[in-house]
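Report on the structure
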Amino acid sequence: MRPLVFAANWKMNLGPAEARDYLATFLKAYSPQPNRQVWFFPPAVSLEAVATGLGNRADLLAGVQDVYWEPKGAFTGATSAPLAAQAGAKAALIGHSERRHVFGETDEQTGRKLAAVLEAKLHPVLCVGETLEQRDAGRTLEVVTRQLETALSGGGGARAATARVTIAYEPVWAIGTGRNATPHDAATVHAAIRAWLEQHEATETRILYGGSVNLKNAADLLAEPELDGVLVGGASLDPTGWGELVRTAAV
Ligand code: PGA
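As the structure is a computational prediction, the values presented were derived from the model and not from experiment.

1. A look at the overall build of the protein
- Per the secondary structure count, the protein includes 10 helices and eight strands.
- Computed over C-alpha atoms, the radius of gyration of the protein comes to 17 Å, within 12% of the 18 Å expected from 2.2 N^0.38 for 251 residues, which places it in the range of a compact globule.
- When burial is assessed residue by residue, the protein has 51% of its 251 residues classed as buried.
- Once local pairs closer than 6 in sequence are excluded, the contacts in the protein between residues at least 24 apart make up 72%.
- A total accessible area of about 11,100 Å² is found for the protein, and carbon and sulfur atoms account for 53% of it.
- For the protein, the centre of its 23 positive side-chain charges and the centre of its 27 negative side-chain charges are spaced 4 Å apart.

Given below as structure tokens:
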């Protein structure tokens with residue numbers, strides 16, 4: 001069985017007490033399976049509660065949803081990669097579409113954040129994806145390639161680190177809309193991303209799919225060998241449903 005990642009992006013949901021309750025329910029029903037990891041991305045205020053609740057184990061980890069690129073200082077409201085690491089983060093989402101489209105983050109800023117995450121020895125999950133307009137204009141691969149290029153050749157000579165990232169392909173039109181990409185559509189973009197990575201000597205990089213993944217469609221998506229896992233928002237918020245998804249979306 002190939003290694004699969006099930007990543008839960010809680011977005012701006014579940015404070016520390018709620019996170020502890022969530023984990024109590026999830027962990028009671030969860031049993032580790034070979035080659036399967038579950039990653040949780042809680043809001044920063046709940047990071048420590050989640051990291052502590054998961055403990056130090058290879059199949060489960062906590063990560064931060066976003067970081068600022070400076071390690072510390074007068075940046076009110078921001079969380080840095082080293083601070084997230086202190087709270088127990090092992091990974092970080094970078095360039096999520098909500099950071100890009102709600103908060104106006106640029107490709108260049110995403111690159112600086114990615115370099116900061118690598119510097120702090122966290123594992124970056126770089127999110128890329130096209131808008132509906134870009135897809136309709138046939139520009140999907142151009143947009144995704146530009147996002148990869150800029151983020152991975154950005155600050156700190158991160159190109160050499162291409163092999164140390166996980167990529168999440170999340171078409172913007174599929175996030176939170178209930179409209180997921182078909183397994184075939186996702187696989188086509190994954191194959192293009194994989195070809196780009198191979199040109200940059202990254203042959204082991206995992207590529208996750210995200211965008212309206214749920215209990216009903218996860219198994220079909222993961223039946224597609226191009227998908228190395230899923231990044232899930234809405235359907236990860238209920239610990240019972242999420243546990244079931246992790247358990248049953250097997251291939
Ligand atoms: P969704 O979100 O599963 O709610 O579509 C996915 C994501 O934004 O990572």
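After that view, the rundown keeps rolling.
2. Concerning helix α10 (residues 239–248)
- Of the residues making up α10, those classed as buried are P239, G241, W242, G243, L245 and V246.
- Contacts made by the buried residues of α10 are with β1 (4–9), α1 (16–29), β2 (36–41), α9 (218–222) and β8 (229–232).

Parameters and conventions
- Residues numbered from 1 in each chain as written.
- Predicted model: local features only at pLDDT ≥ 70, side-chain atom pairs only at ≥ 80, totals over all residues.
- Heavy atoms only, no water.
- Helix = DSSP H or I, 4+ residues; strand = E, 2+ residues; numbered from the N terminus.
- Rg over C-alpha atoms; globule rule 2.2 N^0.38 Å.
- Buried < 20%, exposed > 50% of the residue type's maximum accessible area, 1.4 Å probe, protein only.
- Contact = heavy atoms within 4.5 Å.
- Areas by Shrake-Rupley, 256 points an atom, 1.4 Å probe, with all protein chains shown as cover.
- Lys, Arg positive; Asp, Glu negative; His and termini not counted.
- Charge placed at Lys NZ, Arg CZ, Asp CG, Glu CD.

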